[in-house]
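Analysis of the macromolecular model
The lines below spell out each chain.
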Amino acid sequence: MFYEPEKNDHGLKRGAPFKSCVVPRAIGWLSTISEDGVPNLAPYSQFTNLTFDPPYVACAINQTFDGLRKDTTNNIEQQGEFVYNMVTEELAEKMNISSCRFPPEVDEFEQAGLTKAASRLVKPYRVAESPIQFECKYYCTLRLPGNGRVGACDLVIGKVVGIHIKDEFIDGEGKLDIEKIRPLARMGYSDYTVVKELFAMPHITHQLEMPADPAIIHKGLEGQAGAFQKN
């Protein structure tokens, strides 16, 4: 089949399949704090990491049905900080509760029954139950025009300045035990998936593009700062 998104001429009973074509997607469970000091927590399914030296993350946040920018966007731009919290299978229901549109004065941590953990370098709280959290400093926003009331989108980019990982999820080889963490990922429609199984595949080295030293290559693949800096 072929269809043009703006014509919506796919002919499928379940609606446009676009979001099901880019899967699985990490969930950007972002915690912020308002100018009035109210904690905020909300999940976004259009989230990803960017470069790694230094590391950045990006989250696309569509506006509300009223044509307003989300509290998350406002808080990040006003306060200049946010936290990414990894969602796991165990936290799925609590994440879903935090997705509800609560008034700005409502604390989603309390609504979802989650524990606040103090951050070290930023003001917003972390989700204590989450196995991994990134403390982030706001970098910039790219405003994307859209159709209708919710089409417009704020692509918010932040620099990761601190990373928390629970020790119980680090295996004997010093790697993250993803199968133990069981991260939750977003699919299309109302579907989700859980990472339960991994496989490894050696990287093919292109000598003309990358350094020959395998150790340097692995550092880059793992996202280690300074991996490709010249001596």
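My aim in this report is to walk through the structure given alongside it, one point at a time. Just so it is clear, the model here is predicted, and its values are computed rather than measured.

Looking only at helices and strands, the protein chain has 5 helices and 12 strands in total. For the protein chain, whose C-alpha radius of gyration is 19 Å, the value lies close to the compact-globule estimate of 17 Å for 231 residues. Buried residues in the protein chain amount to 36% of all 231 residues. Within the protein chain, contacts between residues at least 6 apart in sequence are counted, and of these 60% link residues at least 24 apart. Counting only carbon and sulfur atoms, one obtains 53% of the accessible surface of the protein chain, whose full area is about 14,200 Å². Mean positive and mean negative side-chain charge positions of the protein chain (25 and 31 charges, respectively) differ by 3 Å.

For the rest of this paragraph, the subject is the sheet that holds strand 12 (residues 192-194). The sheet built from 3 strands is open, its strands ordered 1-11-12 with antiparallel pairing. Each having just a single partner strand, strand 1 (25-26) and strand 12 make up the two edges of the open sheet. Sheet topology note: the strand 1/strand 11 (residues 184-186) ladder contains 2 bridges and is antiparallel. Bridged to Arg25 within strand 11 is Arg186.

Along the polypeptide, Arg25 turns up in strand 1. No salt bridge is formed by the buried Arg25; the nearest opposite charge belongs to Asp191, separated by 10 Å. Reaching out from Arg25, the side chain makes a polar contact with the backbone oxygen of Ser45 at a distance of 2.9 Å. Beyond its immediate stretch of four places on either side in the chain, Arg25 contacts Lys19, Ser45, Ala185, Arg186 and Met187.

Attention now moves to the sheet that holds strand 2 (residues 28-33). Taken in spatial order, the 7 strands line up as 3-2-6-9-10-5-4 in an open sheet, and their pairing is antiparallel. Where the open sheet ends on each side, the last strands, each with one partner, are strand 3 (39-44) and strand 4 (47-52). Each strand axis lies, on average, 35° off the axis of its neighbour in the sheet, ignoring direction. Across 6 bridges, the pairing between strand 2 and strand 3 is antiparallel. Paired with Ile33 across the two strands is Pro39, which belongs to strand 3. The strands that helix 1 (residues 71-79) touches are strand 2, strand 3, strand 5 (55-62), strand 6 (81-85), strand 9 (132-144) and strand 10 (153-165); relative to strand 2, the one it contacts most, it runs at about 55°.

About the thresholds
- Residues numbered from 1 in each chain as written.
- Predicted model: local features only at pLDDT ≥ 70, side-chain atom pairs only at ≥ 80, totals over all residues.
- Heavy atoms only, no water.
- Helix = DSSP H or I, 4+ residues; strand = E, 2+ residues; numbered from the N terminus.
- Rg over C-alpha atoms; globule rule 2.2 N^0.38 Å.
- Buried < 20%, exposed > 50% of the residue type's maximum accessible area, 1.4 Å probe, protein only.
- Contact = heavy atoms within 4.5 Å.
- Areas by Shrake-Rupley, 256 points an atom, 1.4 Å probe, with all protein chains shown as cover.
- Lys, Arg positive; Asp, Glu negative; His and termini not counted.
- Charge placed at Lys NZ, Arg CZ, Asp CG, Glu CD.
- Pairing = 2+ DSSP bridges.
- Salt bridge = Lys/Arg side-chain N within 4 Å of Asp/Glu carboxyl O.
- Polar contact = N/O pair within 3.5 Å; in protein donor to acceptor, adjacent residues only side chain to side chain.
- Axes fitted to C-alpha atoms, helices over the stretch in contact; angles between N-to-C directions.

Purely geometric stuff here, so don't read any function into it on its own.
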